[in-house]
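# Structure at a glance
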Amino acid sequence: MKKYKVEENFQKRIIRYAILSLLITILIEIMVVGIIYLGGYVFSNRQTNDEMNIEMQSDMVENNRLADTPMIAKATVPEEIPEQSFLDNKGAVFVIAAICMVSGAILFTCLFIFYLQRYYRYIAEITEGINRIALGDFESKIPVRYNDELSSVADTVNRLSVSIQKMIEVQKENEQSKNDLITSVAHDLRTPLTSIIGYLDLVRLGKVTDENMRKRYVGIAYNKAKRLQNLIEDLFAYTQLSFGKVKLRNSELDMVKFLEQIAEEFYPIFQDSNLEYTFRTDVAKAVVYGDGDMLERVFANLYGNAVKYGKEGEKVEAYLEEKDDTFEIRITNYGQLIPKEEIENIFERFYRVDSSRSGETGGTGLGLAIARNIVVMHGGAITATSNIGGTTFTVTLNKAI
């Protein structure tokens, strides 16, 4: 899953919301103060005008009265004291300022909370999603709504949920694989072991009086014991390879000489099985980087299978071909064909195309599984095809750099 990219910093967004809330609060406060001052100014002017009208009417009445009476002495008119507007009152200004400050703080808080409301809801949504995942609902996903750190957290939790789900699935597969392995091993060990005990018990109890028959029974028990030994060795090798406990001791190998050497070791077996072996290549040297002992086991297994299942075809062919960055080694036999529906399963452990012939061929069902693990450890691949043109196993190995 692709990692989420944060495009907007959550801290910067909070600061932006705080500044925006502050600016809106200041503008509203300026408007309110302006309205208060304007209202105060209008109210003061109206009160002053009303007082002046009343005073003028009083003066006119007084003047008329004085005109009708003789002047005794010059009247002294008291000096008029100007009225003080409430806007010039320091106490009123202080009250207005205090009201503006309190209302501004309340307004700023409300605006800031309003802008952050969606984040409060989103955090609650993330928390709920985490709780669902904690309870085992790994199919549940937290929506990624924004481009900030909260969205990054949601995306990380989603990816973590997927990883945990995959780990649980792998664990279940490993557990099932272990159970299948135990079942298969128990079955494959029980069959030869039962035969060994049976034949030896007949000899031990003296129920076989004929010497030749006794030797035959002992020989059968010995062969069963050898097969049991091969199974245990293959099983040990398979488990070591499957759990990564084998370290490769790589070096440069010339696959041309390598295959020729293995073919020489198998020459007596080819002769005994009346098989003709041919090896062809268009290159003089094919150098790869790998573990010689491990690769020898791969090709020994492939040659061994070609002998076991290719006797009817009377020949085994090996061909090494150079590709761009790899070498392909193809080993073909012309004996028993592998059904198309089973070709994909032959590299699985304990899988046999013809289980009825397992006793005849002595196969453990682990050889090809071991071969695949070794080839994969070398960064290569192994495939199989089977048709009228023969059964071919193809091993692809990287060229040495």
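About the cut-offs
Residues numbered from 1 in each chain as written. Predicted model: local features only at pLDDT ≥ 70, side-chain atom pairs only at ≥ 80, totals over all residues. Heavy atoms only, no water. Helix = DSSP H or I, 4+ residues; strand = E, 2+ residues; numbered from the N terminus. Buried < 20%, exposed > 50% of the residue type's maximum accessible area, 1.4 Å probe, protein only. Contact = heavy atoms within 4.5 Å. Areas by Shrake-Rupley, 256 points an atom, 1.4 Å probe, with all protein chains shown as cover. Pairing = 2+ DSSP bridges. Core = buried A, V, L, I, M, F, W, Y, C linked by side-chain atoms within 4.5 Å. Phe/Tyr/Trp six-rings, centres within 6.5 Å; stacked < 30°, edge-to-face > 60°. Lys NZ or Arg CZ within 6 Å of the ring centre and 35° of its normal. Salt bridge = Lys/Arg side-chain N within 4 Å of Asp/Glu carboxyl O. Axes fitted to C-alpha atoms, helices over the stretch in contact; angles between N-to-C directions. Patch = residues over 30% accessible without salt bridge, like charges linked within 9 Å, V, L, I, M, F, W, Y side chains within 5 Å. Lys, Arg positive; Asp, Glu negative; His and termini not counted. Charge placed at Lys NZ, Arg CZ, Asp CG, Glu CD. pLDDT = per-residue confidence, 0-100.

## Here we look at the overall build of the protein chain
Helices and strands together make up the secondary structure of the protein chain, namely eight helices and seven strands. Each of the 401 residues in the protein chain was classed as buried or not, and the buried ones make up 32%. In the protein chain, the proportion of contacts linking residues at least 24 apart, taken out of those at least 6 apart, comes to 73%. For the protein chain, the computed accessible surface area is about 26500 Å², with 58% contributed by carbon and sulfur atoms.

## Quick word on the pairing of strand β3 (residues 287-290)
Along β3, the buried face is formed by Val-288 and Gly-290; none of Val-287 and Tyr-289, which line the opposite face, is buried. Bridge analysis of strand β1 (residues 251-254) against β3 gives four bridges, and the strand direction is antiparallel. Within the sheet, the bridge partner assigned to Glu-252 lies in β3 and is Tyr-289.

## A look at the nonpolar core
Within the largest apolar cluster, 48 residues are counted, with the highest numbers of intra-cluster contacts made by Met-255, Phe-299, Leu-302, Tyr-303 and Leu-320. Per-element accounting of this core gives the leading share, eight residues, to helix α6 (residues 292-309). Among all residues touching Phe-299, those that are not within four sequence positions of it are Met-255, Phe-258, Leu-259, Ile-262, Ile-329, Ile-331 and Val-395. Core analysis: the second largest hydrophobic core is formed by twelve residues, Leu-116, Tyr-146, Leu-150 and Ala-154 among them.

## Topic: the packing of aromatic side chains
Two aromatic rings, taken as a pair, are described by how far apart their centres are and by the angle between their planes. Counted under the stated rule, the structure contains eight aromatic pairs. Each ring, one from Tyr-199 and one from Tyr-217, has its centre 5.1 Å from the other, and the planes form 50°; the classification is tilted. Pair noted here: Tyr-199 is in helix α3 (residues 149-204) and Tyr-217 is in helix α4 (residues 211-242), with a separation of 18 residues, a long-range link. Centre to centre, the rings of Phe-347 and Phe-393 are 6.2 Å apart; their planes meet at 85°, and the pair counts as edge-to-face. Linking Phe-347 in the loop between β5 (326-333) and α7 (358-361) with Phe-393 in strand β7 (residues 390-398), this pair joins segments that are 46 residues apart in sequence. This pair shows no difference in class: Phe-347 is buried, exactly as Phe-393 is. Cluster of aromatic residues (ring-pair linked, three or more members): Phe-266, Phe-270, Tyr-277 and Tyr-303. Across the ring face of Tyr-334, the terminal group of Lys-315 is positioned such that the distance to the ring centre comes to 5.1 Å.

## Looking at the pattern of salt bridges
Under the criterion given, the structure shown has ten salt bridges. Notably, a salt bridge pairs Arg-214 with Glu-211, separated by 1.8 Å at the nearest N-O pair. With Arg-214 and Glu-211 both in helix α4, this residue pair falls three residues apart, about one helical turn. When its relative accessible area of 25% is taken as the criterion, Arg-214 is described as partly exposed. What makes Glu-211 partly exposed here is its relative accessible area of 36%. With a closest N to O distance of 3.0 Å, Glu-321 and Arg-330 form a salt bridge. Under the relative-accessibility criterion, Glu-321 is labelled partly exposed at 22%. Overall, Arg-330 belongs to the partly exposed group, its relative accessible area being 22%. Among the charged side chains, a salt-bridge network with shared partners connects Glu-321, Lys-323, Glu-328 and Arg-330.

## Quick word on the sheet that holds β7
With mixed pairing, the five strands of this open sheet are ordered in space as β2-β4-β5-β7-β6. Since the sheet does not close on itself, it has two edges, and those belong to β2 (276-281) and β6 (381-387), each with one partner. Neighbour-to-neighbour, the strand axes of the sheet open up by a mean angle of 15°, direction not taken into account. Where β5 meets β7, eight bridges bridge the pair, whose relative direction is antiparallel. If you follow Glu-328 over to β7, its bridge partner there is Thr-396. Together, β2, β4 (315-322), β5 and β7 form the strand contacts of helix α5 (residues 255-272), whose direction differs from that of β2 by roughly 175°. Set on the sheet, helix α8 (residues 367-377) makes contact with β6 and β7; between it and β6 the angle comes to about 135°.

## Points about a negative patch on the surface
Negative charge collects at one region of the surface, where Asp-137, Glu-139, Glu-169 and Glu-173 lie side by side. With respect to the helices and strands, Glu-173 occurs in helix α3.

## Some thoughts on a nonpolar patch on the surface
A surface patch of nonpolar side chains, about 550 Å² in accessible area, is lined by Ile-15, Ile-19, Leu-22, Leu-23, Ile-26 and Ile-30. Checked against the element boundaries, Leu-23 lands in helix α1 (residues 10-67). Residue Leu-23 is classed as partly exposed on the basis of its relative accessible area, which comes to 48%.

## Some points on the environment of Phe-299
Tracing the sequence through the fold places Phe-299 in helix α6. According to the relative accessible area criterion, Phe-299 is buried, its value standing at 0%.

## Observations concerning unusual backbone geometry
At Asn-274, a residue that is not glycine, the phi angle is positive and equals roughly 55°. Take Asn-274: its relative accessible area is 63%, and that puts it in the exposed class.

## Notes on the confidence of the model for the protein chain
Mean pLDDT over the protein chain works out to 77, with 76% of the residues at or above the 70 mark. Taken element by element, the predicted model of the protein chain shows its lowest mean pLDDT in α7 (48) and its highest in β5 (92). Every residue in residues 71-81 is under pLDDT 50, and counting partners more than four places away or in other chains gives one contact. For the stretch residues 356-362, pLDDT sits under 50, and the model shows nine contacts to residues farther than four places along the chain or on other chains.

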